[in-house]
Amino acid sequence: MNPLLVLGSILCLVSLSYARDIKMGVFLPFTGGWPGGPRMASAILIARDKVNSDPYWLQGHNLTFVVKDSKCEARASLATLVDYYTIENPKVDVFIGPGCSVGCVPGAYIAAHWNIPMVSWGCAATVLSDKTLYPYFVRTTGTFAGLGGLLRAILAKFKWDRMAIIHFMSHAKLVMKEMMRLAKLMKE
């Protein structure tokens, strides 16, 4: 009998015998300045069901989640983060969100202190790219600095010398700062 096959079978059985729930603490902005949570909440159910139904992904483990309103505000996001770590039983294994930089910037410090990964679908603040400050933070979107490069490429491609963006968001000052930097670069 092949010893590697036997060892692999034993490791598989051992890993299945220690199967446990992997708990996500999800931050969604249901209220506040950008209430996008109601439109996103069903995606969590779909993702959980997809991952749990495929034996390849978690190999016997089970993905679970709790959801709280981050309000796209620093105070609510930090309160949720602390609750997920101190009140939830068992504690969460990973933070999903928040989606707004005002919550990610301070929250990612705390996540690093507790050695808990934080995965955000937003939080475009460029400072979050500094892995010495935020070693447990990752995001699925670009940064404000990346937005500047994108806009510069669009302007160059279409030979435009100006453009306007009309959009509301709680971190508009950061976007405007990046836009002003881009405008200065274009004049040079």
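- The name given to the protein chain in an unreviewed UniProt entry is Receptor ligand binding region domain-containing protein, with Pocillopora damicornis as the source organism.
- Check the Subcellular location (unreviewed entry) section of the UniProt entry for the protein chain; it says "Membrane".

### Some details on the environment of C123
- Turning to its location among the elements, C123 is positioned in the loop between β4 (118-120) and β5 (137-139).
- A sequence separation of 21 residues divides C123 from V102, and the C-alpha atoms of the two residues are 7.8 Å apart.
- Dropping the residues within four chain positions of it, C123 is found in contact with P98, G99, C100, S101, C104, L128, F137 and R139.

### Structural notes on the state of the cysteines
- Within the structure shown, the criterion is met by 2 disulfides.
- In this model, C72 is linked to C100 through a disulfide, with the two sulfur atoms separated by 1.5 Å. The sign of the -90° torsion about the S-S bond sets the C72-C100 disulfide as left-handed. Of this pair, C72 sits in the loop between β2 (62-69) and α4 (74-86) while C100 sits in the loop between β3 (94-96) and α5 (101-113); the two residues are 28 residues apart in sequence, bridging distant segments of the chain.
- A relative accessible area of 6% places C100 in the buried class.
- What pairs with C104 in a disulfide is C123, and their sulfur atoms sit 1.9 Å apart. The sign of the S-S torsion, about 65°, decides the handedness of the disulfide formed by C104 and C123: right-handed. Taken together, the residues C104 in helix α5 and C123 in the loop between β4 and β5 connect sequence positions 19 residues apart.
- Judged by relative accessible area, C123 falls into the buried class, the value being 2%.

### Section: the layout of surface pockets
- Estimates place the volume of the second largest pocket at around 240 Å³.
- Considering the residues around the second largest pocket, the lining is formed by M24, V26, L28, M40, A43, I44, A47, R48, V51, L63, I96 and W121.
- When contributions to the lining of the second largest pocket are tallied by element, the ones reaching two or more residues are β1 (21-28) and α2 (37-53).
- Of the residues that constitute the lining of the second largest pocket, the class distribution is 11 nonpolar, no polar and 1 charged.

What counts as what
Residues numbered from 1 in each chain as written. Predicted model: local features only at pLDDT ≥ 70, side-chain atom pairs only at ≥ 80, totals over all residues. Heavy atoms only, no water. UniProt positions renumbered as here; feature names shortened; annotations may be inferred. Helix = DSSP H or I, 4+ residues; strand = E, 2+ residues; numbered from the N terminus. Contact = heavy atoms within 4.5 Å. Disulfide = S-S within 2.5 Å. Buried < 20%, exposed > 50% of the residue type's maximum accessible area, 1.4 Å probe, protein only. 1 Å grid on protein atoms, 1.4 Å probe; cavity = no way out; pocket = protein on both sides within 12 Å on 5 of 7 lines; lining within 4 Å. Points joined across faces, edges and corners; volume = space filled by probe spheres on them. Nonpolar A, V, L, I, M, F, W, Y, C, P; charged D, E, K, R; others polar.

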